[in-house]
Amino acid sequence: MAFTTKKIVIIVACVVVVTAIALGTTLPLTVFKKKDEPWKGSDVLDEVPLIDTHNDLPYNLYNIENNILKNFNFDSDLKLNPRWQIDTSFTDLPRLRQGKLGGQFWVAYVSCSRNYKDAVERTIEQIDVIKRLVRKYPNDLMFVTEADQIMKAKEQGKIASLIEIEGGHSIDSRMSSLRLFYELGVRCMTITHNCNLPWADNNLVDGNENSPKRNLTEWGKKVILEMNRLGMIVDISHVSEGVMVDVLETSKAPVIFSHSSVYKLRNHTRNVKDHVLLKLKENNGVIMINFYSSFIKAESPATIYDVIKHINYVRDLIGPEHVGIGSDYDGVEEVPEGLEDVSKYPALFDLLAEEGNDWEPWSAEDLKKLAGLNLLRAFKAVEAVRDSMKTATIIDEPVPYEDVISANANAADCRTDINKYKPTEQLKREARAVELQGPEEF
Ligand SMILES: [Zn+2]
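Quick summary incoming for the structure in this document. The structure displayed is predicted, hence computed values, not measured ones. (Residues numbered from 1 in each chain as written. Predicted model: local features only at pLDDT ≥ 70, side-chain atom pairs only at ≥ 80, totals over all residues.)

Among the structural elements, Y116 can be located in the loop between β2 (101-107) and α6 (119-136). Using a count of 23 C-beta atoms within 10 Å as the deciding quantity, one classes Y116 as buried. Along the backbone, Y116 and D172 are 56 residues apart, and their C-alpha atoms lie at a distance of 6.7 Å. Each residue touching Y116, except ones within four places of it in the same chain, is listed here: N408, N410, A411, D413 and C414. (Helix = DSSP H or I, 4+ residues; strand = E, 2+ residues; numbered from the N terminus. Buried ≥ 20, exposed ≤ 12 C-beta atoms within 10 Å, placed from the backbone. Contact = placed C-beta atoms within 7 Å.)

What follows is the structure, encoded as structure tokens:
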């Protein structure tokens, strides 16, 4: 009896072991793999969308393809395409997949040389080419205009694609352009590029002591409030220090720097000083770190470690809730070693979480914020302010005549009806003068 029991126990034990081995080999390997593999920083990119707030690919589409997409293959290695072998090309779909990108603000940028000329028309063309690009790749890109849709795109394995215009010259000092750009799907506007506007100064005035400063004019403040009312993200990369402060004091919603880095680490007027970063924290906004080598380090080439210094500096000064990624790929010609193109974001996240460096490793929770949750939070807050202003009056005052005329000798060129902008008092004076002199003879 005792012998039989022993035999049964052995048989049962054998069956259990064999079953366990069989199960072990038939269960999906990933179940075991995940447990064995050490946690990596880039794992968070599977859970939350990595959102980059600045990529200038559309400007390359204009320069290289003349905005004709018929023969443009985004789903190919553009490094092998002779036309795309230029210093400012870092983006194609295969590399975006490797880079685990979840959301992109594509920039409808037009040069400041269009200011007071055809900036509005050219901006429309750039918005159009972005929409056509998204339409051409429906399995990879999804056109998005609301914060919640970014998560939906992520769930479907697509890159949420948003439109940003870079520089107020794109609206030609007209609220009507701003409002209709919103209707076309634009969800972010950088207040200036590298040129002054009748209502806002750009960063170059800070590098020039003799340059008169207007900062953000009264009408400029109205643009900010109109953006708040519409639900368009206010972006203060590229503006002067005075405008940064004025905007932060005016905006009812969080603002972003879509592609700027830290002034303390690299004293460039495109970067952000500590006192402004502290104000950004109060505003609950986000600075999206620019990878451009020249903004990261005075002596190039910069490396991925130098970019990490900028990211960590913001974290240590104002907290991990206020920093994100705004690479500026395709808008610059030199990027850091280790961040050579859009396939390299995961390397950055891995490194940030790694132990044994001279910085406190980032936790998974904080890396999710850096990747996209901070930007999503700011975007949702912008939407909440929009919703709270549903009954606010639409601002319909035109830009003041004096502001246009004093801004630039050519400032009236794009306005055939410039006289309508004159203040009523001035118009009355002119009418009286004509009455006294009698009609002009032709
Ligand atoms: Zn820029």
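The residue W199 is located in the loop between β5 (186-190) and α9 (218-230) in this model. Taking the C-alpha atoms as reference, W199 lies 31 Å from T88; in sequence the two are 111 residues apart. Contact partners of W199, with chain neighbours within four places excluded, come to S173, L216, T217, W219, G220, V223, V399 and D403.

One finds I236, V247, I287 and V307 to be the most contacted residues of the largest nonpolar core, which totals 110 residues. Among the elements that take part in this core, helix α15 (residues 364-388) stands out by supplying 9 residues, more than any other. Non-local contacts of I236, meaning those with residues more than four positions away in its chain, are made with I191, V243, M244, V247, V255 and F257. (Core = buried A, V, L, I, M, F, W, Y, C linked by C-beta atoms within 7 Å.)

With burial as the criterion, each face of strand β8 (residues 286-289) is covered, one bearing V286 and M288 and the other bearing I287 and I289. Both strand β7 (residues 256-257) and β8 contribute to a ladder of 2 bridges, which runs parallel. Along β8, the bridge assignment pairs I256 with V286. Read from β7 through helix α11 (residues 274-283) to β8, the crossover connection turns out right-handed. Strand direction decides the pairing type here: β8 and strand β9 (residues 323-325), joined by 3 bridges, are parallel. Within the sheet, the bridge partner assigned to M288 lies in β9 and is G324. (Pairing = 2+ DSSP bridges. Right-handed = clockwise from strand over helix to strand, strands pointing away.)

A word on the pairing of strand β4 (residues 159-166). Of all 8 residues making up β4, 8 are buried, and the element is well covered by its neighbours. Here β4 shows no split at all, with I159, S161, I163 and I165 on one side and A160, L162, E164 and E166 on the other all buried. With 5 bridges joining them, β2 and β4 adopt parallel strand pairing. Paired with Q104 across the two strands is S161, which belongs to β4. The sheet contact formed by strand β3 (residues 141-143) and β4 spans 3 bridges and is parallel. Note on β4: the bridge partner recorded for M142 is A160. In this fold, β3 hands off to helix α7 (residues 147-155), which returns the chain to β4; that crossover is right-handed. Bridge count between β4 and β5: 4 bridges; the pairing is parallel.

This part is about α11. Among all positions in α11, only L277, L280 and N283 are buried. An end-on view of α11 places all buried positions within 110 degrees of arc, on one side of the element. Of the exposed residues in α11, the ones pointing more than 90 degrees away from its buried face are H275 and E282. Packing partners of the buried residues in α11 comprise α10 (241-250), β8 and α13 (304-318). One or two positions beyond α11, positive phi appears at N284, with a value near 65 degrees. (Arc of directions from axis to C-beta.)

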